[in-house]
Amino acid sequence: MDRNRWHDRYDAPDSPLARRLATVRERVRLALDDSPPGPLGVVSLCAGQERDLLDVPPGHPRREDVRARLVELDPHNVDAAREAVRSAGLAQVEVVAADASLLDHYAGMAPADIVLLCGVFGNITDRDIERTVDACTQLCATGGRVIWTRNRKSPDRVPLICRWVEERGFEREWVTDEQQFRSVGVHRFRGRSRPLRPGERVFTFLGYDRLRSATRARDRRPGRPARPTLSDRPVGSVELAGSMRPGVGSVGFVSAVGPVGVVSAASRSPCAPRAGAPLRR
Ligand SMILES: C[S@@+](CC[C@H](N)C(=O)[O-])C[C@H]1O[C@@H](n2cnc3c(N)ncnc32)[C@H](O)[C@@H]1O
């Protein structure tokens, strides 16, 4: 789907995406309320038109403390986000037109108090989700929060994401009800932030449709094991399976798709949907 039109779905009242946005905004506000006094750093990866953060109402006690960097590649979205920032009068929020997968763009901002990863995990491979989660130990400050989203389309990746995040020193603060198709999660970092590693690229943004068709094609491949394993190469590797097309977006080659299985331990996670429970879309 066109990356600008994607945002229009936010404007349909009570659409699943609008409900997700409301949840993210609420979680951002709660995170701001709960953050220690002083400057508050926020980074947003693939920020889109940045609707999550700009909701902080005038008069919110932490509004003036927020210093944010929003990284977005699509020029139309960048313009929209800049315009929204300008009209919201948020002087300390910068919108950077760049590839959010490259960690260099967070220099001077990381580790941040809030890391927004909304609308990303449903568009990248499992391997890249894990790399991005791993990079959160560089992006997020001790005591800070990662606010993330992911749909629960089968195979549900929410349990896996929770597991990967929690293996890296994050504590689960909140995850939407299992029956919500569009999940939002909040994890708080209890570990020690690692120094930022410039030059590291952590994902290739395939987009939802490409990811789905590539996953299906991969599943049809002869000889494919019925129940694949998780990542088959080390997390944190800088090697990129696909290529980037700067200025156009970061659509990778189909071959970038990695393993798509879910281990049984992950499916037993408390975030896993109950058998037969209807999903609200
Ligand atoms: C699904 S939208 C989510 C936008 C926003 N975070 C939200 O939740 O409303 C994904 C966004 O990522 C942007 N994008 C895709 N690849 C990117 C990249 N490599 N770097 C920065 N932005 C990218 C798209 O242009 C699009 O605005």
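The rules behind each value
- Residues numbered from 1 in each chain as written.
- Predicted model: local features only at pLDDT ≥ 70, side-chain atom pairs only at ≥ 80, totals over all residues.
- Helix = DSSP H or I, 4+ residues; strand = E, 2+ residues; numbered from the N terminus.
- Buried ≥ 20, exposed ≤ 12 C-beta atoms within 10 Å, placed from the backbone.
- Contact = placed C-beta atoms within 7 Å.
- Expected span 1.5 Å × (residues − 1).
- Arc of directions from axis to C-beta.
- Core = buried A, V, L, I, M, F, W, Y, C linked by C-beta atoms within 7 Å.
- Pairing = 2+ DSSP bridges.
- Right-handed = clockwise from strand over helix to strand, strands pointing away.
- Axes fitted to C-alpha atoms, helices over the stretch in contact; angles between N-to-C directions.
- Left-handed = near helix turned anticlockwise from the far one by under 90°.
- pLDDT = per-residue confidence, 0-100.

*Asks:* If you had to explain the overall build of the protein chain to someone new, which residues and values would you point to?
*Replies:* A tally of regular secondary structure across the protein chain gives 7 helices and 7 strands. Shown N-terminal to C-terminal, the secondary structure of the protein chain runs as helices and strands in the order α-α-β-β-α-β-β-α-β-α-β-β-α-α. By residue count, 42% of the 281 residues in the protein chain fall in the buried class. For the protein chain, contacts bridging at least 24 residues in sequence account for 81% of all contacts bridging at least 6.

*Asks:* Can you break down helix α2 (residues 16–34) residue by residue, with the values?
*Replies:* A rise of 1.5 Å per residue sets the reference length of α2, with its 19 residues, at 27 Å; its end C-alpha atoms lie 27 Å apart and thus fit the reference within 8%. All buried positions along α2 are accounted for by R20, L21, V24, R27, V28, A31 and L32. One side of α2 carries all its buried residues, which in axial view fall inside an arc of 140 degrees. Exposed and facing more than 90 degrees away from the buried side of α2 are E26 and D33. Elements that come into contact with the buried residues of α2 comprise β1 (40–45), β4 (112–117), β5 (140–151), β6 (170–175) and β7 (182–189).

*Asks:* Go over helix α4 (residues 126–139) with me, naming the residues and quoting the values.
*Replies:* With 14 residues, α4 should reach 20 Å at 1.5 Å per residue; the first-to-last C-alpha distance of 19 Å fits that figure. The buried count for α4 comes to 13 of 14 residues, which makes it a mostly enclosed element.

*Asks:* Lay out the environment of T137 in plain terms, naming residues and giving numbers.
*Replies:* Residue position: T137 is located in helix α4. Taking the C-alpha atoms as reference, T137 lies 8.2 Å from G169; in sequence the two are 32 residues apart. Setting aside its immediate chain neighbours within four residues, T137 contacts R168, G169, G191, S193 and R194.

*Asks:* With reference to specific residues and values, describe the nonpolar core.
*Replies:* Counting 63 residues, the largest nonpolar core has V42, V115, L117, L139, V146, I147 and I161 as its most contacted members. Residue contributions to this core peak at 6 residues, all from helix α5 (residues 158–167). Apart from residues lying up to four places away in sequence, V115 is in contact with V43, C136, L139, C140, G144 and V146.

*Asks:* Can you break down the pairing of strand β2 (residues 66–72) residue by residue, with the values?
*Replies:* β2 sits mainly inside the fold: 6 of its 7 residues count as buried. Where β1 and β2 come together, 6 bridges link them in parallel fashion. Across the sheet, residue L45 finds its bridge partner in β2, namely V71. Here β2 runs beside strand β3 (residues 93–97); their pairing, made up of 5 bridges, is parallel. Following the sheet pairing, R69 is matched in β3 by E94. As a crossover connection, the stretch from β2 through helix α3 (residues 75–88) into β3 is right-handed.

*Asks:* Go over the packing of α4 against α5, please, and point to the residues and values.
*Replies:* Two elements in contact, α4 and α5, have axes separated by 9 Å at closest approach and are oriented at 35 degrees. Handedness of the α4/α5 crossing: right-handed. Contacts between α4 and α5 involve I129, E130 and V133 on the former and, on the latter, I161, W164 and V165.

*Asks:* Explain the sheet that holds β5 to me, and be specific about the residues and the numbers.
*Replies:* Strand order in this open sheet of 7 strands is β3-β2-β1-β4-β5-β7-β6, and the pairing throughout is mixed. Because the sheet does not close on itself, it has two edges, and the strands there are β3 and β6. Neighbour-to-neighbour, the strand axes of this sheet turn through a mean angle of 15 degrees, independent of strand direction. Pairing of β5 with β7 involves 7 bridges; the strand directions are antiparallel. When the bridges of β7 are listed, V146 appears paired with H187. Strands β2 and β3 of the sheet are contacted by α3, whose axis makes an angle of about 170 degrees with β3. Sheet strands in contact with α5 are β5, β6 and β7, and its direction is about 145 degrees off that of β6.

*Asks:* So, the confidence of the model for the protein chain: which residues are in play, and what are the values?
*Replies:* Mean pLDDT for the protein chain: 80, with 75% of residues reaching 70 or above. Within the model, the stretch residues 226–279 combines pLDDT values under 50 with 107 contacts to residues more than four positions away or in other chains.

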